[in-house]
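Results of the structural survey
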Amino acid sequence: MATAGQTINAAAQRLAAVGIDTAHYDARLMVAEVLGVEMRRLPASHHAELNGGESARLAAMLERRLAREPMSHILGRRGFWTLEFQVTADTLDPRPDTETLIEAVLAALDDKGRPRRLLDFGTGSGCILLTLLSELGHATGLGIDASPAALAVAERNAQALGLAARAEFRLGDWGAGLDGAFDVILSNPPYIPDGDIDGLEPEVARFEPRSALAGGPDGLDCYRRLIPHMARLLAPGGIAALEVGAGQAADVSALLAAAGLAGATTRRDLGGVERCVMVRRIK
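These remarks concern the structure in this document.

Conventions used here
- Residues numbered from 1 in each chain as written.
- Predicted model: local features only at pLDDT ≥ 70, side-chain atom pairs only at ≥ 80, totals over all residues.
- Heavy atoms only, no water.
- Salt bridge = Lys/Arg side-chain N within 4 Å of Asp/Glu carboxyl O.
- Helix = DSSP H or I, 4+ residues; strand = E, 2+ residues; numbered from the N terminus.
- Buried < 20%, exposed > 50% of the residue type's maximum accessible area, 1.4 Å probe, protein only.
- Core = buried A, V, L, I, M, F, W, Y, C linked by side-chain atoms within 4.5 Å.
- Contact = heavy atoms within 4.5 Å.
- Pairing = 2+ DSSP bridges.
- Phe/Tyr/Trp six-rings, centres within 6.5 Å; stacked < 30°, edge-to-face > 60°.
- Lys NZ or Arg CZ within 6 Å of the ring centre and 35° of its normal.
- Disulfide = S-S within 2.5 Å.

**A few points about the pattern of salt bridges**
Inspection of the entire model under this criterion finds 20 salt bridges. With a shortest N-O distance of 2.9 Å, Asp-26 and Arg-65 are connected by a salt bridge. Taken together, the residues span a long stretch of sequence, with Asp-26 in helix H2 (residues 23-35) and Arg-65 in helix H3 (residues 52-66) at a distance of 39 residues. Under the relative-accessibility criterion, Asp-26 is labelled buried at 3%.

Listed below in structure tokens is the structure:
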């Protein structure tokens, strides 16, 4: 039987050979998973030998990763902010870029302890809404999605995180049929131009739901549909925040202004891309 350390090195070599940049990290994740140990404790297990069942399970996971299936799908979970979320092929994989949206919203809220109503369009796994609810202890939230399968994932995440009492998830077509006023409205809508999707890394193009990626010919179709609803539902003094793709911030800011939400600001992600467009309703 090979040791954990030997298995990690062998798996990493195979992953690197197919062009996976995170080969060694992914190999460590899989070995930690089959051994049932935390990643931070994995070095203490490097000399442990994998038994037959562990080796077979690892081999199956490795074949999936060699086919470029995302690690989050293989493990069934993904870390985001300070939380861990269940993810499936029915939801967009939570990404560090989206944490820029969380940072921007939290920085814009003066009194984080007061009650607020949050609305998340295209909620997917629920990662944006549930992360903000975890930081805003007196807030409640509504997540809207067009996918029943995605909503089921979001509801499971709310239960697992102990946030189900403050989170509601509803099937919907953006804001159609929705009324009321919300203090914070958020969305990470599909924004990849349709013609660009097949050229994305295989983990995205082959395995993530196209409905969560495709933003029309120029990537802006969902913003055009969504922003009028945001303008209608945003309470006086409330903020609206949108994740955008590279080079889209100016166009999305203009769409907000045309809907009566002028004065948008942007926030850059760690790569320097203007990733979040945010605006506050003055009156």
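Having put the structure on the table, let's press on.
**Digging into the nonpolar core**
Of all hydrophobic cores here, the largest spans 31 residues; its most connected members are Leu-119, Phe-121 and Val-252. For this core, the secondary structure elements donating two or more residues are strand E3 (117-121), strand E4 (140-145), strand E6 (182-187), helix H9 (221-233), strand E7 (234-243), helix H10 (249-258) and strand E9 (274-280). In terms of residue count, the dominant contributor to this core is H9 (7 residues). Those residues within four positions of Leu-119 in sequence are excluded, and the remaining contacts are Leu-142, Ile-144, Leu-178, Phe-182, Val-184, Ile-185, Leu-186 and Leu-233.

**Observations concerning the pairing of strand E5 (residues 167-171)**
Sheet analysis places E4 next to E5, joined by 5 bridges and oriented parallel. Its bridge partner lying in E5, Ile-144 is registered against Arg-170.

**Description of the packing of aromatic side chains**
Given two aromatic rings, one states the distance between the centres and the angle between the planes to describe the pair. Counting across every chain of the model gives 2 aromatic pairs. On the numbers, 6.3 Å between centres and 70 degrees between planes, the contact of Phe-121 with Trp-174 is edge-to-face. Separated by 53 residues along the polypeptide, Phe-121 in strand E3 and Trp-174 in the loop between E5 and E6 bring together distant segments of the chain. For the pair shown, Phe-121 and Trp-174 are each scored as buried. One cation-aromatic arrangement involves Arg-117 over Phe-182; the distance from NZ or CZ to the ring centre is 4.2 Å.

**Thoughts on the pairing of E7**
Most of E7 is tucked away: 8 of the 10 residues are buried. Bridge count between E7 and E9: 5 bridges; the pairing is antiparallel. Bridge assignment links Glu-243 to a residue of E9, and that residue is Cys-276.

**Digging into the state of the cysteines**
Across all of its chains, the model carries 0 disulfides by this definition. The thiol of Cys-127 is not disulfide-bonded; the next cysteine sulfur, from Cys-276, is found 14 Å away. A relative accessible area of 8% means that Cys-127 is categorised as buried. No disulfide involves Cys-222; its sulfur sits 17 Å from that of Cys-127, the nearest cysteine.

All quantities given are derived from atomic positions and should not be read as evidence of function.
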